[in-house]
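# Understanding the architecture of this molecule
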Amino acid sequence: MATEAQYQALFDRFAQLRQEAIDQLGVDLLETPRLADALVGQIDDYVRQAAEADSATPVPPDSGLAQLVGVGPEAARHFGETRIPQGVEGYDETVTSERIIAIGDLYYIYQHERVGVFRVVQKLRELFRHGAVRLSSGPGAYGLYQFDRREVLRGTRHERAAAYRRAFGYGAKALTGGMRPNREFHPLFTLFNRHVAQYWRDKRISDVIRDRANDPTFGSIAVVRRAGLDLRNNLKFVSYGNINVLRVEVMQLLEEAFRILNADDVKRVFGADNAWDVIEEVLTRYFHEPLTTSPRQRMAVTGREILRWLAQPHVLQTGRTEFEALLLEIAEDSEEWLTSAQAIGVATERPAGAVVPQAAAARGPRSPAVGRPDRRRDLALG
């Protein structure tokens, strides 16, 4: 249990240790900049270990108040003899990874819903019921029959729309029961991907023009970390409720839908080679829609990988070398997500260092065609 005097002396000693280490290694630090990161990280580890050891000591019943105010036999004679706590648990370390992973799966489902997978199956079910397609007893026909009969056991399209609206702010579904749309998600998600992409662009440039390969890169890990924590903390409050269970149900539904679309008898009806060809054929023939199949599907895959990465404690890493090694896992995913989002008009090209006004960020992405949010086409359900 550290007293105020011990608390102050501890940080003074660590500050002196840093100064002496830098004085002794001054020339080496200039020649090997990464040595400074290692040195600072090692001393920070010592500070953290000392704080953890002090926090593990038993707390007095009155938390040291009697000692502080001078009451009882343990009253302090000097201010330096009073007890001082080390602090409380960090906010950014209290996120449950399971809920963020569930949000990643729901994002994956949303993008497939926007592609039109479920609408295509519903249209096929309607045509099959009316006898308007040459399907009778094949695996696709039987799958459509089962899909139809199981509908009463599944969540409805409106329930899925409400989940997308609550988790991502996408769509125009009116929410009830005190739920609110998470309009902050898309600006924060886009900003995080921009900073990740910009970090690796800066790294590639610095690798070319630096005199020494072991010099630090130009990218700022603090900017990437802050953007990632802001996004993760935003998702923390929308990941409660039925989302965890709902995404399992809809992932099963998505698998069933593709099993039907990939059946040989269904593919023969449309002269298709695979399930994606069937989807595009139905969308163009019956819905007369422009196709965004490829970019949407890649946004689903890369977006889920990025959110899964945020569910882990990687973003809390403070060492540059370790952070870069972990961030490399989503470097290409962020670039691909940005490119796909720009291709369909739900993200605009903006330098990573540009500051977005709060009101503009809350409004969400703007359509390049008309200069205003196109919620009907880009952010709403089909």
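Secondary structure summary: the chain contains 18 helices and zero strands in total. Per-residue burial for the chain yields a buried fraction of 44% across its 382 residues. Across the chain, the fraction of contacts at a sequence separation of at least 24, relative to all contacts at a separation of at least 6, is 72%. In the form shown here, the chain has an accessible surface area of approximately 20,600 Å², with 54% of it arising from carbon and sulfur atoms.

Within the secondary structure, Arg-247 is located in helix H11 (residues 243–261). Its relative accessible area of 14% is what places Arg-247 among the buried residues.

All of the buried residues in helix H15 (residues 320–327) are Arg-320, Phe-323, Glu-324 and Leu-327. Buried positions in H15, seen along its axis, are confined to an arc of 100° and lie on one side of it.

Looking at the secondary structure, you find Arg-166 in helix H8 (residues 157–168). For the buried Arg-166, no salt bridge exists, and the shortest N-O distance to an oppositely charged side chain is 11 Å, to Glu-159. There is a polar contact of 3.2 Å between the side chain of Arg-166 and the side chain of Asn-242. Leaving out residues up to four positions away in the same chain, Arg-166 has contacts with Leu-175, Met-179, Arg-180, Pro-181, Asn-182, Val-238, Tyr-240, Asn-242 and Ile-243.

Turning next to the pattern of salt bridges. As enumerated under the stated definition, the model contains 19 salt bridges in all. Measuring nitrogen to oxygen at the nearest pair gives 3.1 Å for the salt bridge that ties Asp-148 to Arg-125. Of this pair, Asp-148 sits in helix H7 (residues 139–149) while Arg-125 sits in helix H6 (residues 117–130), and the two are 23 residues apart along the sequence. Of the two residues examined, Asp-148 and Arg-125, each falls in the buried class. Two residues, Arg-150 and Glu-256, come together in a salt bridge whose shortest N-O distance is 3.0 Å. Taken as a pair, Arg-150 in the loop between H7 and H8 and Glu-256 in helix H11 lie far apart in primary sequence, 106 residues in all. Judged by its relative accessible area of 8%, Glu-256 falls in the buried class. A single network of salt bridges, built from pairs that share partners, joins Asp-105, Arg-247, Arg-304, Glu-305 and Arg-308.

Backbone geometry at His-288 places phi at a positive 55°, although glycine is not the residue there. Structurally, the position occupied by His-288 is in the loop between helix H13 (275–287) and helix H14 (293–311).

What follows concerns the nonpolar core. The tendency in soluble globular proteins is for nonpolar side chains to be buried as a group. In this structure, Tyr-107, Leu-124, Phe-168, Phe-192, Leu-261 and Leu-327 are the most contacted members of the largest nonpolar core, which totals 73 residues. Once you skip the residues sitting within four places of it in the chain, Leu-124 turns out to touch Leu-144, Leu-261, Val-266, Phe-270, Val-278 and Val-282. By size, the runner-up hydrophobic cluster in this structure holds six residues, among which are Leu-10, Ala-21, Leu-39 and Val-47.

Here the focus is the environment of Leu-326. Along the polypeptide, Leu-326 turns up in helix H15. Overall, the relative accessible area of 25% leaves Leu-326 in the partly exposed class. Sequence spacing of Leu-326 and His-314 is twelve residues, and the spatial spacing of their C-alpha atoms is 6.4 Å. Other than its neighbours up to four places away in sequence, Leu-326 contacts Trp-309, His-314 and Gln-317.

Let's shift gears to the confidence of the model for the chain. Confidence along the chain averages 80 in pLDDT terms, with 81% of residues attaining 70 or more. Note that residues 364–382 has pLDDT below 50 and, in this model, 46 contacts with residues that lie over four places away or in other chains.

Conventions adopted
- Residues numbered from 1 in each chain as written.
- Predicted model: local features only at pLDDT ≥ 70, side-chain atom pairs only at ≥ 80, totals over all residues.
- Heavy atoms only, no water.
- Helix = DSSP H or I, 4+ residues; strand = E, 2+ residues; numbered from the N terminus.
- Buried < 20%, exposed > 50% of the residue type's maximum accessible area, 1.4 Å probe, protein only.
- Contact = heavy atoms within 4.5 Å.
- Areas by Shrake-Rupley, 256 points an atom, 1.4 Å probe, with all protein chains shown as cover.
- Arc of directions from axis to C-beta.
- Lys, Arg positive; Asp, Glu negative; His and termini not counted.
- Salt bridge = Lys/Arg side-chain N within 4 Å of Asp/Glu carboxyl O.
- Polar contact = N/O pair within 3.5 Å; in protein donor to acceptor, adjacent residues only side chain to side chain.
- Core = buried A, V, L, I, M, F, W, Y, C linked by side-chain atoms within 4.5 Å.
- pLDDT = per-residue confidence, 0-100.

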